[in-house]
Amino acid sequence: MYERRTTRQVRVGRPPGPNVPVGGDAPISVQSMTTTKTADVEGTLAQIYALASAGCDIVRCTCNEEAAAEGLAQIVPRSPVPIIADIHFQYRLALAAMEAGVQGLRLNPGNIRKGEHIKLVASEAKDRGLPIRIGVNAGSLDPDIAEQFGGATPEALVASAQRELEYFGEVGFEDCKISVKASNVPTMINAYRLLSETVDYPLHLGVTEAGPPPAGLVKSTAGIGTLLSEGIGDTIRYSLTADPVEEARAGRTLLESLGLRERKGLDLIACPSCGRAEVDVIRVANDAMAALQDRNIPLQVAVMGCVVNGPGEAREADLGIAAGRGRGHLFVKGHVVRVVPEADMVEALVAEAERIMEEGIEAVIASADAGAEAEAEAARAELLAEQGVDVNHAGEKIERIRGIAEPTPVELRSS
Ligand code: SF4
């Protein structure tokens with residue numbers, strides 16, 4: 001249909017953790033952003049899992065305050081997809097987010113303007129091997145660039161990105177993606193066309209503040225779809241005034257309808273494993289994939305390392321299994337329906353998937369084993385009592401974040 005523009009490739013996240021290549025010959029990825037307070041760890045993780053189930057490859061969370069950075073320290077080890085921290089105004093929060101372990105940053109050049117701050121963040125990202133998105137936005141364009149170009153024109157948006165690139169270049173940082181978003185669709189399209197002629201960095205496409213569906217969907221599809229059909233774009237985000245799951249579904253559907261991503265049959269998601277894991281998640285996930293992938297089962301199936309958080313985090317999945325105390329806890333749409341010996345986890349998962357295909361989800365939930373929920377709850381309580389609430393050592397990171405994110409007295413006086 002089109003020839004895709006050649007771009008460099010960056011990688012968001014590193015194996016064996018969640019990781020997604022962006023640019024080059026990588027599949028065009030879908031992104032979205034959580035709407036929860038990032039400090040609300042459980043609420044944010046539930047949304048991240050729902051987004052992953054809907055086909056989202058990379059999730060962005062705001063890092064707008066120290067509590068958000070502290071939340072990220074707890075969220076990142078439990079997320080099934082790479083997490084990008086969204087940074088505005090405060091470069092210190094970019095440093096704190098990196099300390100929290102995020103897999104990438106988004107910086108807005110319109111509101112972090114001091115060269116020394118930008119270079120400090122880029123240097124730190126370079127040392128940590130993290131990519132940064134230069135996220136230019138027509139609504140928050142640097143005022144001196146807007147004045148120079150007579151407003152947020154396509155040329156002004158590209159100039160803002162180029163200025164940021166120059167700062168990055170001064171510290172030898174090249175691991176970036178770029179977006180030049182506008183809510184006006186022709187402006188956005190022309191800005192990306194100009195940018196794609198100017199640089200070979202991977203481009204993140206989006207129509208900013210597109211609004212609620214259906215208008216927001218139409219505007220986003222017009223802008224993103226036009227550019228994709230010209231071979232421009234390496235990762236996309238629909239910015240809708242709606243549940244972010246709708247953004248992920250829309251992005252996924254657009255890519256599938258353009259033939260840029262394969263249609264999904266079995267969608268196996270798995271937690272990345274963390275200090276709470278009660279089983280070798282990678283092995284169980286691989287065994288489950290091998291057992292299920294040839295059965296033409298169009299279900300979302302989750303493999304989760306622990307019963308403490310697994311059924312809740314993956315409650316959007318049709319079916320899942322979570323490990324705990326030598327047992328596998330099978331859950332359907334977040335309801336624990338059966339508890340099986342750990343050695344039988346994969347076999348039980350396959351049997352339950354086949355039951356769902358034959359009888360339907362509601363019937364399987366209705367015939368749940370009596371006591372399964374209670375047994376899972378008891379295992380959960382036992383693990384929590386034994387492991388405590390901070391098995392991922394987020395507390396240590398939070399202590400360090402507190403040292404980084406706090407403005408110095410001089411900065412407070414000059415702000
Ligand atoms: S082991 Fe448990 S807490 Fe850790 S990522 Fe997996 S499900 Fe989440």
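In this text the structure is predicted, and so the values were computed from the model without any measurement.

**Concerning the site of the ligand**
Move 1: The local shell around the ligand holds 14 residues, among which Arg78, Cys271, Cys274, Gly305 and Cys306 are the closest.
Move 2: When the residues that make up the shell around the ligand are grouped by side-chain class, the tally is seven nonpolar, four polar and three charged.

**So, the sheet that holds strand E3 (residues 29–33)**
Move 1: Across the sheet, which stays open at both edges, the eight strands sit in the order E8-E7-E6-E5-E4-E3-E10-E9 with parallel pairing between neighbours. Edge positions in the sheet fall to strand E8 (176–181) and strand E9 (204–205), since each has one partner strand and no second.
Move 2: As defined by bridge partners, strand E5 (residues 83–87) adjoins strand E6 (residues 104–107) across four bridges and the pair is classed as parallel. The residue of E6 that forms the bridge with Ala85 is Leu105.
Move 3: Each of E3 and strand E10 (235–237) touches helix H9 (residues 244–257); the most contacted strand, E3, lies at about 165° to it.

**Things to note about the pairing of strand E12 (residues 300–304)**
Move 1: Taken across its five residues, E12 has five buried, putting it largely inside the fold.
Move 2: On E12, burial covers both faces: Gln300, Ala302 and Met304 on one face and Val301 and Val303 on the other are all buried.
Move 3: Remark: the strand E11 (residues 267–270)/helix H10 (residues 281–292)/E12 crossover connection has left-handed handedness.
Move 4: Bridge analysis of E12 against strand E13 (residues 319–324) gives four bridges, and the strand direction is parallel. Its bridge partner being in E13, Met304 is matched across the sheet by Ala322.

**So, the domain arrangement of the protein**
Move 1: Taken domain by domain, the protein holds domain 1 (9–257) and domain 2 (267–387).
Move 2: When each unit is reduced to the centre of its C-alpha atoms, the spacing between domain 1 and domain 2 is 33 Å.
Move 3: Contacts between domain 1 and domain 2 engage twelve residues on the former and twelve residues on the latter.
Move 4: Partitioned by chemical class, the residues of the side of domain 1 that touches domain 2 number eight nonpolar, three polar and one charged.

**Observations regarding the environment of Val10**
Move 1: Relative to the assigned elements, Val10 resides in strand E1 (residues 9–12).
Move 2: Classification of Val10 as buried rests on a count of 24 C-beta atoms within 10 Å.
Move 3: When the C-alpha positions of Val10 and Asp175 are compared, they lie 6.1 Å apart, and in sequence the two are 165 residues distant.
Move 4: For Val10, the residues in contact, after removing those within four places along its chain, are Val22, Gly23, Pro131, Asp175, Cys176, Lys177 and Pro202.

**Quick word on the sheet that holds E13**
Move 1: Ordered by their spatial adjacency, five strands build an open sheet running E11-E12-E13-E14-E15, and the pairing between neighbours is mixed. Whereas interior strands pair on both sides, the edge strands pair on one side only; in this sheet they are E11 and strand E15 (335–341). Averaged over all pairs of adjacent strands, the angle between their axes in this sheet comes to 20°, without regard to strand direction.
Move 2: Bridge analysis of strand E14 (residues 327–332) against E15 gives six bridges, and the strand direction is antiparallel. If you follow Val332 over to E15, its bridge partner there is His335.

**Regarding the pairing of E15**
Move 1: For E15, the buried fraction is high: five of the seven residues fall into the buried class.
Move 2: Count of turn residues in the E14/E15 antiparallel hairpin: two residues, of which Lys333 carries a positive phi of about 50°.

**Topic: helix H8 (residues 215–229)**
Move 1: The first and last C-alpha atoms of H8 sit 21 Å apart over 15 residues, in line with the 21 Å expected at 1.5 Å per residue.
Move 2: Among all positions in H8, only Gly216, Leu217, Lys219, Ser220, Thr221, Gly223, Ile224, Leu227 and Leu228 are buried.
Move 3: Those residues of H8 that are buried lie in contact with helix H7 (185–198), E9, E10 and H9.
Move 4: Downstream of H8 by one or two residues, Gly231 has phi in the positive range, about 85°.

**Comments concerning the environment of Ile297**
Move 1: Inspection of the secondary structure puts Ile297 in the loop between H10 and E12.
Move 2: Assessed through the 19 C-beta atoms surrounding it within 10 Å, Ile297 is described here as partly exposed.
Move 3: With 59 residues separating them along the chain, Ile297 and Ile356 place their C-alpha atoms 9.6 Å apart.
Move 4: With residues near it in sequence (within four places) discarded, Ile297 still touches Leu266, Leu292, Ala353 and Met357.

Thresholds applied
Residues numbered from 1 in each chain as written. Predicted model: local features only at pLDDT ≥ 70, side-chain atom pairs only at ≥ 80, totals over all residues. Near = placed C-beta within 6 Å. Nonpolar A, V, L, I, M, F, W, Y, C, P; charged D, E, K, R; others polar. Pairing = 2+ DSSP bridges. Helix = DSSP H or I, 4+ residues; strand = E, 2+ residues; numbered from the N terminus. Contact = placed C-beta atoms within 7 Å. Axes fitted to C-alpha atoms, helices over the stretch in contact; angles between N-to-C directions. Buried ≥ 20, exposed ≤ 12 C-beta atoms within 10 Å, placed from the backbone. Right-handed = clockwise from strand over helix to strand, strands pointing away. Domains from an automatic or database assignment. Expected span 1.5 Å × (residues − 1).

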